[in-house]
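Secondary and tertiary structure notes
Chain residues, written in single-letter form:
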Amino acid sequence: MAVSKLKQLKQSAKRAPLSFAVKVCIAIVLGLSFAVIWSTFSPTSTEEEVSIKRNSFGDISDSESENTIPKHKEKEKDKGKDKRIQKPHSKDATIEVPKTNGETVKKNETDVERENEKEEREKEEGEEEQGQIDEKAISEETQNPNENESENQNQNQNSNENSNENEEEGEEISDEEEEAMKIKSQIKIKKPLFDPSAQYHFKQCGTKSGTSYVPCLDFENDGSKRHTERTCPKTGTMCLVPAPKDYKEPLPWPERQNKIWYNNVAHPRLNSYIKSHSWLKISGDYLTFPKEKSLFKAGAPHYLDSIEEMVPDLEFGKNIRTVLDIGTVSSELSIALTQKNVLTLSLGLVNDQINLGQLVLERGIPVILQSLGSRRLDFPSGVFDAIHCGECDIAWHHNGGKLLLEMNRILRPGGYFITSDKHGDIETEKGMRKLLDSICWTVLAHSVDEESEVGIRVYQRPASNDIFEIRPSKNPPFCKENEDPDYAWYTPIQTCLHKIPVAIEERGSDWPTEWPSRLEIFPDWLADSKEKLNSDLHHWRSVVRKSYLNGLGVDWSTVRNVLDMKSIYGGFAAALASQNVWVMSVVPVHAPNTLPIIYERGLIGVYHDWCEPFSTYPRSYDLLHADHLFSRLKNRCKQPVGIVVEMDRILRPGGWAIVRDKLEILNPLETILKSLNWEIRMSYGKDKEGIICAQKMISRP
C-alpha cells in the first residue's frame, strides 16, 4: 500500500510542472539572497584604504603604528627612546634639544647644572659653524649671483630626485626616525623676533641720566651715582641716551690719540679734574694731552724700555701681545704699547666718577668697564700675556688675596704681573710677600727707575705645578676639579688655585707663538680645529676684502673702535688686523666657549649676554658688526628691541652698523632702525639671507 502511494506521488509531480512566472520569482529571491550575503561578508572601502597604507609603510599614523607593534617590539622601542634622549658628550654633536637648565652661571647654581650648560654650549657649536657656511654663500652671491642661482637649482633638483627615490622604494621608517617625527610635530612654532606690524616710538632718557649714562652700572635714571657691582634694571632700558651738545665726529687715527673734541666728553667733574692735573688741558675746542706733561715723568716709551731691561724675556710685540691695564687713568701707556704691536685692553673701574675711560675710548684705545670686587671679570682663564697696574692703589693682599687670585686666574701660565708706584709702604710689601709665597709667584725684578722715580716690580705666574709641592702652606687650596675656571658671567671669585694644564692637548700647557705668527699658527691643543679656523679666517678675509672695505659705502678713515657683537673664532677681527682698527670680540654667554681661542690668536674680547646692556660708555664704537646675532637669540630676551636700543647707545653719531641675518629678521629690523633716524645705506637679500649697512644720524626721533 505504501508503495502504491509513492507511485501516485511521482505521477502527480510529473503531471504539475512549474510555470514561467514562478521560476522568475525564485531567481529573484536567490539573487537578493546572494547580494545580502556578499555585502555582509565582503571588506569595506575604509578597510581597503588601511590595507593599502600598511602595505606601503610610508604614512602610518601614530595610533595605527602603536596598535600594530608587537609587545616584544614595544620594549625595544622604549629602550631606544631612553637611549636617544641622553645628552651627547661629543663636541661636534648637532642634536638640537631645548635648554632646560637656564642661565646657571648667572644664578650661581650647582656644578652639575654648570656641566649641563657646558654640554648645551658644545651642541650649539654645530649650529654656529652652520651659520658660517651660510654666510659664505651670501658673500659669494654678491660676486656671482647667477652662478649661485644655477647651483641652488641643481641642489634643489638633486634633493627632489633623492626624495622621489626614497618614496618609490617605500623603505620602512626606523624607530629613531619615527620618534624624531613625533618630536618635530610637537615643536611649537616660535613667534618672530620682531613684530613686523609693530609701531615704535622712542623717548630720550631723563636729564638726570646725562649723556654718559651706563645702564647696569649707573643708578637707573641717575648717572651721577654708580653701583659697586653690575646691577641691571628689571624693566630694561628702552630710552635713548642723547649726544652732548655740539657733538662732533672724532678725528681720524692717529690724530685722535693726541687730541679729542672736548664737548664730546665734557661734564662738570671732568672740568674740575682738568684744573688739578697737568697731563691734559683744554685748548680751544680740543682736549689735548701734552707729551711733556706725561704721567710717566720720562714718558711711557722710556717706562716700557726700563721694564724690558729688567726682564729681557718680555719682548713686547713678540712674546707679549695681549695686556690688561688695570685702573685706567690715561691711554699713554696703551698708545706706547700700540707702537710696539701690543694690544692693550684698559680696565675702567666702576668707581671712576671722572669717566676717564670714556676719554681713552675717544682717543681710540680699547676699554671695558668692570667692577673689581666680589665677582670674576668677564674673561676666560689664562688669556692675558701680561697684566699691568700702575699706581692703581689696590690692596691686593686684603680679603685673603681674593683680587690677586682673580689676576692669577686670567693671567696666562708663565705670564707677567707688573706694578709700579712712587710711595710703597712696609705693611703692603709684607702682606704682598706672604701672599705671593702662598700662590708661588716669582719676583723677577724690583728696582726704582731714576728718571721716572717709580718703583717697578715684575712678578711671574708659575708655568707648572711642580713648585706647588714646596709651598709652606696649602692655603689657598686647589680648586675642585669640576670648578670650571672659564665661567665668569655673574660668577663669584673663588679663593682657590686652579692647577696648571700640563697635557699637550690642554690649553695653557704651552706659550703661544710669537706675534704676528700666532694669528694663523695654532698650538697643539687646537689641532682638531685647525681646519675650521683656517676656513673661518679665509671666509672673513674674503668678505672684508670684497665687500666690507669697498662695497658697503663705509668711510673706514673714520673707523677706529669696532665691536663684533657675536664672534666665534675671531675671524672677523683677524681679517681686520692689518687695518688701523681694533676689534672687541664678544662671545655670547649662551654660545660655545670660543673666547679662549680668540685670545690665543692675539686678539681681545669679553663674555656678554645681549639681553642686558653692554659694559661701556655711550658712543664708544665707530662700527658695530652683528653676524646672525638676532637669529641665534632663540627668543631668550624679553625685549629684543632693547638690543637695537643698546646698539644706538654704544654707537657714536655718524657710526656704522653691519648686520647679517635672515630676511625675516632684517625686514622688521630695517623699520626699527629707520624709527631711530638711522639711514639705511645698503641692503641686500637673497634665499632668505641678507645684509644691512646702516648709519646712525646725529638727529634723534
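Inspection of the secondary structure puts R619 in the loop between β15 (604-608) and β16 (621-627). No salt bridge forms around the buried R619; measuring N to O, its nearest opposite-charge neighbour E362 is 6.2 Å away. A polar contact of 2.8 Å, which involves the side chain of R619, links it to the backbone oxygen of T211. Polar contacts involving the side chain of R619 include one to the main-chain carbonyl oxygen of P242, which spans 3.5 Å.

Right, let's talk about the packing of aromatic side chains for a bit. In this structure the tally under the stated criterion is 19 aromatic pairs. Relative to Y459, the ring of F417 has its centre 6.3 Å away and its plane inclined at 35 degrees; by these criteria the two rings are tilted. With F417 in strand β10 (residues 411-421) and Y459 in strand β12 (residues 454-460), the pair connects residues that are 42 residues apart, well separated along the chain. For the pair shown, F417 and Y459 are each scored as buried. Geometrically, the ring pair formed by F468 and F478 is edge-to-face, given 5.4 Å between the ring centres and 90 degrees between the ring planes. With F468 in the loop between β12 and α16 (530-548) and F478 in the loop between β12 and α16, this pair connects stretches of sequence that are ten residues apart. Judged by relative accessible area, which is 5%, F468 ranks as buried.

It is worth spelling out the state of the cysteines at this point. Under the definition given, this model contains five disulfides. The residue that forms a disulfide with C205 is C239, at a sulfur-sulfur distance of 2.0 Å. Because the torsion about its S-S bond is 90 degrees, the bridge between C205 and C239 counts as right-handed. One end of the pair, C205, is in the loop between α9 (175-186) and β1 (218-219); the other, C239, is in the loop between β2 (222-226) and β3 (259-261), with 34 residues separating them in the sequence. Residues C205 and C239 agree in their burial class; the two are buried. Shown here is the disulfide that connects C389 with C392, its sulfur atoms set 1.4 Å apart.

Before going further, it helps to examine the sheet that holds β15. Strand order across the open sheet formed by seven strands is β15-β14-β13-β16-β17-β19-β18, with mixed pairing between neighbours. What marks the edges here is a single partner per strand, and that holds for β15 and β18 (678-686). Recorded for the sheet is a direction-independent mean angle of 15 degrees between the axes of neighbouring strands. Relative to strand β17 (residues 651-662), β16 is paired through six bridges, and the arrangement is parallel. The partner of D627 across the bridge, within β17, is R660. Docked against the sheet, helix α19 (residues 641-650) engages β13 (561-564), β16, β17, β18 and β19 (689-696), running at close to 145 degrees with respect to β17. Sheet strands touched by helix α20 (residues 663-675): β17, β18 and β19. Its angle to β17, the strand with the most contacts, is close to 160 degrees.

Spatial strand order, β3-β5-β4: three strands in an open sheet with antiparallel pairing. Looking at strand neighbours, the two that pair on one side only are β3 and β4 (281-283), the edges of this open sheet. Direction aside, neighbouring strands of the sheet carry axes that sit 35 degrees apart on average. With three bridges joining them, β3 and strand β5 (residues 286-288) adopt antiparallel strand pairing. The residue bridging K259 from the neighbouring strand is T288, located in β5.

Time to look at the nonpolar core. W396, M407 and F630 are the most contacted members of the largest nonpolar core, which totals 119 residues. Top contributing element to this core by residue count: α19, with six residues. The next biggest cluster of nonpolar side chains, apart from the first, holds 21 residues, and it includes F296, A336, V454 and I456.

Calculation rules
- Residues numbered from 1 in each chain as written.
- Predicted model: local features only at pLDDT ≥ 70, side-chain atom pairs only at ≥ 80, totals over all residues.
- Heavy atoms only, no water.
- Helix = DSSP H or I, 4+ residues; strand = E, 2+ residues; numbered from the N terminus.
- Buried < 20%, exposed > 50% of the residue type's maximum accessible area, 1.4 Å probe, protein only.
- Lys, Arg positive; Asp, Glu negative; His and termini not counted.
- Salt bridge = Lys/Arg side-chain N within 4 Å of Asp/Glu carboxyl O.
- Polar contact = N/O pair within 3.5 Å; in protein donor to acceptor, adjacent residues only side chain to side chain.
- Phe/Tyr/Trp six-rings, centres within 6.5 Å; stacked < 30°, edge-to-face > 60°.
- Disulfide = S-S within 2.5 Å.
- Pairing = 2+ DSSP bridges.
- Axes fitted to C-alpha atoms, helices over the stretch in contact; angles between N-to-C directions.
- Contact = heavy atoms within 4.5 Å.
- Core = buried A, V, L, I, M, F, W, Y, C linked by side-chain atoms within 4.5 Å.

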